[in-house]
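# Summary of structural features
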Amino acid sequence: MFLNMTKMEKEAQVEATSRKEKAKQRPLALNTVEMLRVASSSLGMGPQHAMQTAERLYTQGYISYPRTETTHYPENFDLKGLLRQQANHPYWADTVKQLLSEGINRPRKGHDAGDHPPITPMRSATEAELGGEAWWLYEYITRHFIATVSYDCKYLQSTISFRIGPEHFTCTGKTVISPGFTEIMPWQSIPLEESLPTCQKGDTFPVDEMKMLEKQTSPPDYLTEAELITLMEKHGIGTDASIPVHINNICQRNYVVVESGRRLKPTNLGIVLVHGYYKIDVELVLPTIRSAVEKQLNLIAQGKADYRQVLGHTLDVFKRKFHYFVDSIAGMDELMEVSFSPLAATGKPLSRCGKCHRFMKYIQAKPSRLHCSHCDETYTLPQNGTIKLYKELRCPLDDFELVLWSSGSRGKSYPLCPYCYNHPPFRDMKKGMGCNECTHPTCQHSLSMLGIGQCVECENGVLVLDPTSGPKWKMACNKCNVVAHCFENAHRVRVSPETCSSCEAALLDVDFNKAKSPLPGDETQHTGCVFCDPVFQELVELKHAASCHPMHRNGPGRRQGRGRARGRRPAGKPSARRPKDKMSALAAYFV
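This write-up is about the structure you can find in this document. Since the structure is predicted, the reported quantities are computational estimates derived from the model, not experimental observations.

### What to know about the overall build of the protein chain
Helices and strands together make up the secondary structure of the protein chain, namely 18 helices and 21 strands. For 591 residues, the compact-globule estimate of 2.2 N^0.38 gives 25 Å, and the C-alpha radius of gyration of the protein chain, at 38 Å, exceeds that figure by more than 25%. Among the 591 residues that make up the protein chain, the fraction classed as buried is 41%. Relative to all contacts within the protein chain whose residues are 6 or more apart in sequence, the contacts with residues 24 or more apart total 60%.

### Here we look at the pattern of salt bridges
Considering all chains together, one arrives at 17 salt bridges under this definition. When the shortest N-O distance is used, the salt bridge between E225 and R262 registers 2.9 Å. Of this pair, E225 sits in helix 8 (residues 225-234) while R262 sits in the loop between strand 5 (256-259) and strand 6 (263-266), and the two are 37 residues apart along the sequence. Among the residues examined, E225 registers a relative accessible area of 2% and is labelled buried. We note a salt bridge from E259 to K265, for which the minimum N-O separation is 4.0 Å. Note on E259: relative accessible area 34%, which makes it partly exposed.

### A short note on unusual backbone geometry
For N384, which is not a glycine, the phi torsion comes out positive at approximately 55 degrees. Mapped onto the elements of the fold, N384 is located in the loop between strand 10 (377-380) and strand 11 (386-394). A positive phi is found at E504, a non-glycine position, where the angle reads about 65 degrees.

### Some words on helix 10 (residues 268-280)
Structural remark: α-helix, 3.6 residues per turn; residues separated by three or four positions point the same way. Over its 13 residues, helix 10 extends 18 Å from the first C-alpha to the last, a length consistent with the 18 Å expected when each residue adds 1.5 Å. Among all positions of helix 10, only G270, V272, L273, G276 and I280 are buried. For helix 10, the angular spread of the buried residues around the axis is 165 degrees, confining them to a single face. Here the buried face of helix 10 lies against helix 12 (307-327) and helix 13 (329-340).

### A short note on a nonpolar patch on the surface
Together, V274, Y278, V282 and L286 line one region of the surface with nonpolar side chains, adding up to about 300 Å² of accessible area. As for its placement among the helices and strands, V274 is situated in helix 10. For V274, a relative accessible area of 35% corresponds to the partly exposed category.

### Describing the sheet that holds strand 7 (residues 348-352)
Taken together, the 4 strands give an open sheet; going across it, the order is 7-8-9-10, and neighbouring strands pair in antiparallel fashion. Edge positions in the sheet fall to strand 7 and strand 10, since each of these pairs with one other strand and no more. Across this sheet, the average inter-strand angle for adjacent strands is 35 degrees, counted without regard to direction. Two strands pair when backbone bridges link them, and strand 8 (residues 359-363) and strand 9 (residues 369-372) are joined in this way by 3 bridges, in the antiparallel orientation. Across the sheet, K361 pairs through a bridge with H371, a residue of strand 9.

About the criteria used
- Residues numbered from 1 in each chain as written.
- Predicted model: local features only at pLDDT ≥ 70, side-chain atom pairs only at ≥ 80, totals over all residues.
- Heavy atoms only, no water.
- Helix = DSSP H or I, 4+ residues; strand = E, 2+ residues; numbered from the N terminus.
- Rg over C-alpha atoms; globule rule 2.2 N^0.38 Å.
- Buried < 20%, exposed > 50% of the residue type's maximum accessible area, 1.4 Å probe, protein only.
- Contact = heavy atoms within 4.5 Å.
- Salt bridge = Lys/Arg side-chain N within 4 Å of Asp/Glu carboxyl O.
- Expected span 1.5 Å × (residues − 1).
- Arc of directions from axis to C-beta.
- Patch = residues over 30% accessible without salt bridge, like charges linked within 9 Å, V, L, I, M, F, W, Y side chains within 5 Å.
- Areas by Shrake-Rupley, 256 points an atom, 1.4 Å probe, with all protein chains shown as cover.
- Pairing = 2+ DSSP bridges.
- Axes fitted to C-alpha atoms, helices over the stretch in contact; angles between N-to-C directions.

This is the structure:
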């Protein structure tokens, strides 16, 4: 609408103009990090190669020592003496002579790190004398030095306010007054296209074209070496001497490859390593540990910390991290195996990932796991059993498809969410818990909806109905290996919202087969407590699972811990109690 309103107009009328003189500051003195950054972004030289070239120029006497963090010239630094050596150079002689005749400008005050002076040229050299990349680096160092003692670039910033029909617009431009240091560093100069014509209020200009562009944002590109150097300096990773070594190491070890524009593209190996470190110990990936060590080293240099204490503390931290990493190395092995072995290709699609909704591959080889190749995530599963899809049902928390773990027809089985199994959603849950231990208050697969009562064998376990076990129905303890076979040939078994008045266990609604119903008078439906109801007592047989998950290997009579069992009902309902008068009767069924 606004575009069409302005399209009808043929002229733009100036309503106001303003001008303000501004300056573009000359650069600070050159240190190692800035030299490496420019060498990578503008000269196409990798940090390691640029450092080696700079060291060769230093040993030949062309530049000063190239390893320094300082960007401030000492007070007694002979700036004029170094400048006079460049007075007869064919490329910048005129600029240098003008500076010497008019007087050099005082350099900007930078950072004094207390080490070597900034990088400067020590004697004049030509392209024929140095040749190739050594000349490129020397030329930049020399131009940068001359720029630090040159004057600021001064320009006039013009702002014009104008009207096209009912709409108001503003444009800003720059006009150079004095080029200053940009004469010696032309790539820093202000482009001519940024200048605006001189005009006054009331002037009119013809409108050539009016259009509206539709665009969209794009994801960031891979980091360049120059950007990585900036981030490493910002986060305190490495020093001026070690930064190029670190970058060279990740290239040589095939963690990244250098693409056009000196961009660093992570390889599959590099990505898997980072994911593995994140999975085991995130601090091995984040820059916090290295940065903290560097800060402590600075405190030692300033005399504020004792190096023996710092050394002992740092060694202790890394020793603990090393042992923890070794203990958790299986997580890294799983990612490596999935990414670099034929298992990734032979895995069978099983259940859908809750993040990307693509099928994850089930890797049956021990340790069995699910792997999402799109998200590059691996999820561990219970071992020593079979895994299959659970009715294509999804977890209400993360939308992952549930899978069913089973130890066989004589054993236990329970559904689980691959994500919740590896990332417990509630505080009272631990890693490696299935739906039969999940405390979600309303999920139909959780302990809250399928739990019946406290296990008769262990103190912390709860008997949970296995809804997939029919027609040979089972209840299994979610802590130990007790399994209760019950209601064989029943059509349907459900956990009732009601509880037993005697033992507070959940009641069961059972729909029996009409031909094999144990109920009198051809009745098929009955609701009762498996602990207290005389009809149900005769139909319950307690056993121990034939094979089970390692967490369920406790034998008869062994305790899992102290404390009361967690009940099956949400908050407000009492926990199940073990009926004292029924203990001896139920124990008689053990085999």
